[in-house]
Amino acid sequence: MLQVNFLRQNRELAKAKLAIKHFGQLELVDAAIALDDERKQLQASFDDTQSKVNAASKEIGGLMAKGEKDKAEALKNEVAEWKKQLDPLKVKMAEVETSLHNTMVQFPNLPHDIVPVGKSPEENVLVKEAGAKPNLHKDAVPHWDLIKKYNLVDFETGAKITGSGFPLYIGKGAKFQRVLAQYFLDFNTAAGYTEYLPPFMVNETSAFATGQLPDKEGQMYHATADNFYLIPTAEVPVTNIFRDTILKESDLPIKMTAYSPCFRREAGSFGKEVRGLNRVHQFEKVEIIQIVPPEKSDDVLNEMVTHVENLLISLGLPYRILKLCGGDMGFASAITYDFEVYSAAQQMWLEVSSVSNFQAYQTYRMKCRYKDAEGKTQFTHSLNGSSLALPRIFAAIVENYQTETGIALPKVLQPYFGAENLV
RNA sequence: GGAGAGGUGGAUGAGUGGCUGAAAUCAGUAGUUUGCUAAACUGCCGUACGGGUUAAACUGUACCAAGGGUUCGAAUCCCUUCCUCUCCGCCA
């Protein structure tokens, strides 16, 4: 969430940056500031009156103790008059605060200075492309054929149990998922990330804090009986660990990693790009999250990008890194790099990681602060990235490592899997 | 799910209607002193939103799980919800 004081001090800059994100209601900036002005005014008169009430109440206590009942009664009447003024003020103030809040939550995060202008994925900027694309044998096929051939994943039975997009992994397919998750977690903890295993459902407050609510209400599965949301990513529960906390500077940076299943309704998705494991409602992911001092977040973003890049290199997959343009970025992000791996059999790039700096957008909502060297309390910055999302890595490895007789494994995974080949 | 107890500042923990934004202890922090991996003493030590200031100082309001109520006045009384603990039930 943006801070209204920032809008007040940077009115035109904020509008310009919101435009890069293709935010259509720039007039809300002025509306928010006007509401805040009104709020301040109301608070001033409310505080003033309340102050009189408090002082008088104290005096009444003294008078009662001295037994001066008449004077006390007279004062009580005065207080009653003031309180009549107080009630409507209170109501009005709550109204204004609510509309200010409702306005503020509509603003997406402002893009970082280096975010390219653009509207659609085609305008994302290619930062780097590396890794050799494999030369597949002539009968090579996409993963949806391979998983059937080798009985690794069964979509039909998953659909019978739950619905489409809920894959059932079988045998070596299931084991491969476990192996990938473990390898990723080990890779992350070796880089100093602490491993967490969080709850897979969160309450409304947590979903709001990381920005899933109100923006992505329809994208999450909602357990209405208890008003819990199934997490769309481990980012939500893990980032919320530090909701409503004031950290010490020495606590930072906080580096966390977590495995979790992710549940996404993906309402409105269809077509060829959602085939097989490319897009599913339930998938596994290992996430990395950092909470850092504001002045460090640019460097840390680069560090995280390099980290994910090294992980992909270790898997021997051809990859590319894209810097997302303003129109393709997430609601809460200030800058995002997407990682895609090349699926040789589909002849398509598959997004496997998205690394973002949220700056203070999440931490302001969450009230995650720290005391800096001068003892001033300020908001931390939060960043996160996938490291990595499993199904598309699964798909890419299965496709790129397929041979005429089976499916090989990247070297780093062989000791984890206990074999040189997947099948 | 049933019965009971409870939720106070970073921690422990006092406080059952006004003198409590909240004792005390510990932790933290700044300093003094003696000096050897440290001790003693002294000061400071919650957050949010306002006013004020170049910045401070200073100052108003709110917050003792959350929300509502009673009262001139609530951490303290009442109601609802959430959470924790103990016992019982159920159970991976």
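Concerning the sheet that holds strand 14 (residues 368–371)
Right, on to step 1. With respect to topology, three strands assemble into an open sheet ordered 8-14-15, the strand pairing being mixed. The sheet is open, and its two edges are formed by strand 8 (245–248) and strand 15 (377–379), each paired on a single side. For this sheet, the mean inter-axis angle between neighbouring strands, taken without regard to orientation, is 35 degrees.
Right, on to step 2. Of the strand pairs in this sheet, strand 8 and strand 14 are connected by four bridges, and their pairing is parallel. By the bridge assignment for strand 14, Leu 247 is matched with Tyr 370.

Some thoughts on the packing of aromatic side chains
Right, on to step 1. The full count for this structure, using the stated rule, is 11 aromatic pairs.
Right, on to step 2. With 6.1 Å between their ring centres and 55 degrees between their planes, Tyr 183 and Phe 184 make a pair best called tilted. Pair check on accessibility: Tyr 183 and Phe 184 agree, each one buried.
Right, on to step 3. Members of the aromatic cluster, joined through ring pairs, are Tyr 169, Phe 176, Phe 394 and Phe 417.
Right, on to step 4. Lying over the aromatic face of Tyr 342, Lys 133 brings its terminal NZ or CZ to 4.2 Å of the ring centre.

Details of the sheet that holds strand 11 (residues 319–323)
Right, on to step 1. Taken together, the eight strands give an open sheet; going across it, the order is 1-11-12-13-16-10-9-4, and neighbouring strands pair in mixed fashion. Every interior strand has two partners, whereas the edge strands, strand 1 (125–130) and strand 4 (194–196), have only one. Along the sheet, successive strands turn relative to each other by an average axial angle of 25 degrees, direction set aside.
Right, on to step 2. Of the strand pairs in this sheet, strand 4 and strand 9 (residues 254–263) are connected by three bridges, and their pairing is parallel.

Points about the packing of helix 2 (residues 11–20) against helix 3 (residues 27–66)
Right, on to step 1. At their nearest, the axes of helix 2 and helix 3 sit 9 Å apart, and the two run at 140 degrees to each other. Regarding the angle of helix 2 to helix 3, the classification is oblique. Handedness of the crossing formed by helix 2 with helix 3: right-handed. Mapping the contact onto sequence places Arg 11, Lys 15 and Leu 18 in helix 2 and Val 29, Asp 30 and Ile 33 in helix 3.

Things to note about the pairing of strand 14
Right, on to step 1. Every second residue of strand 14 is oriented toward a common face, the buried set being Cys 368 and Tyr 370 and the non-buried set Arg 369 and Lys 371.
Right, on to step 2. Pairing between strand 14 and strand 15: three bridges, direction antiparallel. Its bridge partner being in strand 15, Arg 369 is matched across the sheet by Phe 379.
Right, on to step 3. Between strand 14 and the antiparallel strand that follows it, strand 15, lie five residues; Gly 375 among them carries a positive phi value of about 80 degrees.

Quick word on the protein's contact with RNA strand B
Right, on to step 1. Taken together, 17 residues are adjacent to RNA strand B, and Arg 39, Gln 43, Ser 57, Lys 83 and Lys 371 come closest.
Right, on to step 2. Backbone atoms, meaning sugar plus phosphate, form 68% of the atoms of RNA strand B positioned within 4 Å of the protein.
Right, on to step 3. Separating a base nitrogen of RNA strand B from a side-chain N or O atom of Asp 47 is a distance of 2.9 Å.
Right, on to step 4. For RNA strand B, a sugar or linking oxygen lies 3.3 Å from a polar atom in the side chain of Ser 51.
Right, on to step 5. Counting only elements with at least two residues in the surface near RNA strand B, the list comes to helix 3, helix 4 (69–104) and strand 14.
Right, on to step 6. Top element by residues in the surface near RNA strand B is helix 3. It accounts for 10 residues.

Here's the deal with the environment of Phe 184
Right, on to step 1. Relative to the assigned elements, Phe 184 resides in helix 7 (residues 172–190).
Right, on to step 2. The exposure class assigned to Phe 184 is buried, which follows from its relative accessible area of 0%.
Right, on to step 3. Spatially, the C-alpha atom of Phe 184 lies 9.7 Å from that of Ala 258, the residues being 74 residues apart in sequence.
Right, on to step 4. Ignoring anything within four residues of it in the chain, the contact list for Phe 184 reads Val 286, Leu 311, Leu 315, Ser 387, Leu 388, Leu 390 and Ile 393.

Quick word on the side chain of His 281
Right, on to step 1. Structurally, His 281 is set in the loop between strand 9 and strand 10 (282–292).
Right, on to step 2. Classification of His 281 by relative accessible area gives buried; the value is 17%.
Right, on to step 3. Of note is the side chain of His 281, whose polar atom sits 3.4 Å from the side chain of Tyr 221.
Right, on to step 4. A polar atom in the side chain of His 281 sits 3.1 Å from the backbone oxygen of Arg 265.

Basis of the calculations
- Residues numbered from 1 in each chain as written.
- Chains lettered and ligands numbered in written order.
- Predicted model: local features only at pLDDT ≥ 70, side-chain atom pairs only at ≥ 80, totals over all residues.
- Heavy atoms only, no water.
- Pairing = 2+ DSSP bridges.
- Helix = DSSP H or I, 4+ residues; strand = E, 2+ residues; numbered from the N terminus.
- Axes fitted to C-alpha atoms, helices over the stretch in contact; angles between N-to-C directions.
- Phe/Tyr/Trp six-rings, centres within 6.5 Å; stacked < 30°, edge-to-face > 60°.
- Buried < 20%, exposed > 50% of the residue type's maximum accessible area, 1.4 Å probe, protein only.
- Lys NZ or Arg CZ within 6 Å of the ring centre and 35° of its normal.
- Parallel < 35°, antiparallel > 145°, perpendicular 65-115°, else oblique.
- Left-handed = near helix turned anticlockwise from the far one by under 90°.
- Contact = heavy atoms within 4.5 Å.
- Near = heavy atom within 4 Å.
- Polar contact = N/O pair within 3.5 Å; in protein donor to acceptor, adjacent residues only side chain to side chain.

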